[in-house]
2 protein chains.
Amino acid sequence: MPRLDFWYDYGSTYSYPAVMRAGPLAEAAGVELVWKPLLLGPIFAKTGLTTSPYKANPVKGAYMWRDLERLCVKFALPFKQPPEFPQNGLLAARVALVLDPTSVPDFTRAVLAFEFGEGGVISDDAPIREILTALGHDADALVERAQAEDNKLALRGQVERAASLGIFGAPTFIAEDGEMFWGHDRLEDALLWAAVPPEGEAA
Amino acid sequence: MPRLDFWYDYGSTYSYPAVMRAGPLAEAAGVELVWKPLLLGPIFAKTGLTTSPYKANPVKGAYMWRDLERLCVKFALPFKQPPEFPQNGLLAARVALVLDPTSVPDFTRAVLAFEFGEGGVISDDAPIREILTALGHDADALVERAQAEDNKLALRGQVERAASLGIFGAPTFIAEDGEMFWGHDRLEDALLWAAVPPEGEAA
């Protein structure tokens, strides 16, 4: 089965519709999604930005929220703007790295639906623990492993890998031949590329 | 017939597919497009940018060219990256303001097809004059009127108007009820909104 790397950030607004929609669409396309959390903060920092581009440009930021709201209507997703933005997705990303990979999609959907569907705040430990418990995981054990030094380094390495691949935003999709697609708007194109690479470059 | 304001820039890469596709799609949707050239330079300058965001962030810029190339394949448009970017679309925008409005779509398609379909340079007078002549216009007379002081002020006013509407990039589509859509990726959504405003807010 062809694979598509799915890079996302737990604080990224457009990662929300991508995370909610990618699973079933990938299944329909016969593509295996490889879920790869990253942190946009360090990636933005490489270009001199100390916060989200939507904070740096408030006019663009205001548009983004309206655009996200319309997308949620279009794709029948709940939407509520959280009181804080950008939120710190560090703990969620660290937890995703210690979860069994088969548990990552449900965990990720639950975190982003809480954040942008209910307007929840995820920077705290508490909601992440609650989500893990609701999904039947041992929250204490997972959070402890997530915060261990080796896992902190693992996430840092994954973010460095993302930057070295030329990733500058999220969500980003990368096919097995290296073809990169940026943004929720490119989800369908990326799946099509992964399923049927152009000019017979079969994966 | 419902109207949709279509703001674009003669040097903007994603304005190219929008300009080439908007006319027939608007006709099919029963929407009247109002073509409104702007200059992104002064709009970017308001956020402290002295050049295109794609120059300010070369990693994002490299991706943009690849993405544009793929979009052109998808929509069967010719594509050739011009040797310069961003190009100065000042003369083309000034000419568009003095043309009969019914002549603006053909002129605009010709300029952007030359720039991004053939990799042409439009900063010069010569190609703009050639395009005008090929379309049956009096190039000398139009360029003279385009460069007159009152027309320079008219374009400046139009750019100020764009900024006051919250426009931060191009292409941007604005429906009669003020709803704004940014980017070639939102062309279809904008036309649908203009044709059938949600919740019965008929135009």
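The structure presented is a predicted model; accordingly, all values stated were derived computationally and were not measured.

1. Some details on the pairing of strand 2 (residues 32-37) of chain B
All names here are of chain B.
Thought 1: Bridge analysis of strand 1 (residues 3-8) against strand 2 gives six bridges, and the strand direction is parallel. The residue of strand 2 that forms the bridge with Leu 4 is Leu 33.
Thought 2: Handedness of the β-α-β unit built from strand 1, helix 1 (residues 15-29) and strand 2 comes out right-handed.

2. A look at the relation of the copies chain A and chain B
Thought 1: The transformation that overlays chain A on chain B combines an axial shift of 0.0 Å with a rotation of 180°, and the residual RMSD is 0.0 Å. On this basis, the relationship between the two copies can be described by a two-fold rotation axis. Across chain A, the rotation axis passes nearest the C-alpha of Asp185(A), at a separation of 3.6 Å.
Thought 2: The fraction of interface residues of chain A whose copies in chain B are also interface residues reaches 100%, indicating that both copies meet through the same surface.

3. Notes on the confidence of the model for chain A
Thought 1: Model confidence for chain A is summarised by a mean pLDDT of 95, while 98% of its residues fall at 70 or above.
Thought 2: The ipTM, which scores confidence in the relative placement of chains, is 0.94 for this predicted complex, and the corresponding pTM is 0.95.

4. Section: helix 7 (residues 125-134) of chain B
Because the α-helix completes a turn every 3.6 residues, residues three or four places apart line up on one side.
Residues and elements named next belong to chain B.
Thought 1: Ile 128, Ile 131 and Leu 132 are the residues of helix 7 that are buried. Relative to the axis of helix 7, the buried residues are bounded by an arc of 100° and lie together on one face. Set apart from the buried face of helix 7 by more than 90 degrees, the exposed residues are Ala 126 and Ala 134.
Thought 2: Among the structural elements, helix 5 (90-98), helix 6 (104-117) and helix 8 (139-146) are those in contact with the buried residues of helix 7.
Thought 3: Phi turns positive, to about 90°, at Gly 136, one or two residues after helix 7.

5. Some points on the sheet that holds strand 1 (residues 3-8) of chain A
Residue and element names in this part refer to chain A.
Thought 1: Reading across the sheet, the four strands line up as 2-1-3-4 and stay open at both edges, with mixed pairing between neighbours. Pairing within the sheet leaves two strands with one partner each, and these edge strands are strand 2 (32-37) and strand 4 (180-182). Going from strand to strand, the sheet's axes swing by 20° on average, the running direction of each strand aside.
Thought 2: In terms of strand pairing, strand 3 (residues 172-175) meets strand 4 through three bridges, oriented antiparallel. By the bridge assignment, Thr 172 is partnered in strand 4 with Trp 182.

6. Section: the sheet that holds strand 3 (residues 172-175) of chain B
All names here are of chain B.
Thought 1: Read across the sheet, four strands follow the order 2-1-3-4 without closing on themselves; strand pairing throughout is mixed. Both outer strands of the open sheet, strand 2 and strand 4 (180-182), are each paired with one neighbouring strand and no more. On average, each strand axis in the sheet is inclined to that of its neighbour by 20°, with strand direction left out of account.
Thought 2: Against the sheet, helix 1 contacts strand 1 and strand 2, and its axis sits at roughly 165° relative to strand 1.

7. Considering the environment of Thr102(A)
Thought 1: Here Thr102(A) shows up in the loop between helix 5 (90-98) and helix 6 (104-117).
Thought 2: Counting along the chain gives 68 residues from Thr102(A) to Val34(A), while the straight-line C-alpha distance between them is 9.9 Å.

8. A word on unusual backbone geometry
All names here are of chain B.
Thought 1: Residues Phe 85 and Pro 86 are joined by a peptide bond in cis, for which omega reads -5°.
Thought 2: With respect to the helices, strands and loops of the structure, Pro 86 is situated in the loop between helix 4 (58-74) and helix 5.
Thought 3: Look at Ala 76: it is not a glycine, yet its phi comes out positive at around 55°.
Thought 4: On the secondary structure map, Ala 76 appears in the loop between helix 4 and helix 5.

9. Brief notes about the environment of Leu192(B)
Residue and element names in this part refer to chain B.
Thought 1: In this structure, Leu 192 sits in helix 10 (residues 187-195).
Thought 2: On the neighbour-count criterion, Leu 192 (16 C-beta atoms within 10 Å) is partly exposed.
Thought 3: For Leu 192 and Ala 175, which are 17 residues apart along the polypeptide, the C-alpha to C-alpha distance reads 9.9 Å.

The rules behind these values
- Residues numbered from 1 in each chain as written.
- Chains lettered and ligands numbered in written order.
- Predicted model: local features only at pLDDT ≥ 70, side-chain atom pairs only at ≥ 80, totals over all residues.
- Pairing = 2+ DSSP bridges.
- Helix = DSSP H or I, 4+ residues; strand = E, 2+ residues; numbered from the N terminus.
- Right-handed = clockwise from strand over helix to strand, strands pointing away.
- Least-squares fit on C-alpha atoms with pLDDT ≥ 70 in both.
- Contact = placed C-beta atoms within 7 Å.
- pLDDT = per-residue confidence, 0-100.
- Buried ≥ 20, exposed ≤ 12 C-beta atoms within 10 Å, placed from the backbone.
- Arc of directions from axis to C-beta.
- Axes fitted to C-alpha atoms, helices over the stretch in contact; angles between N-to-C directions.

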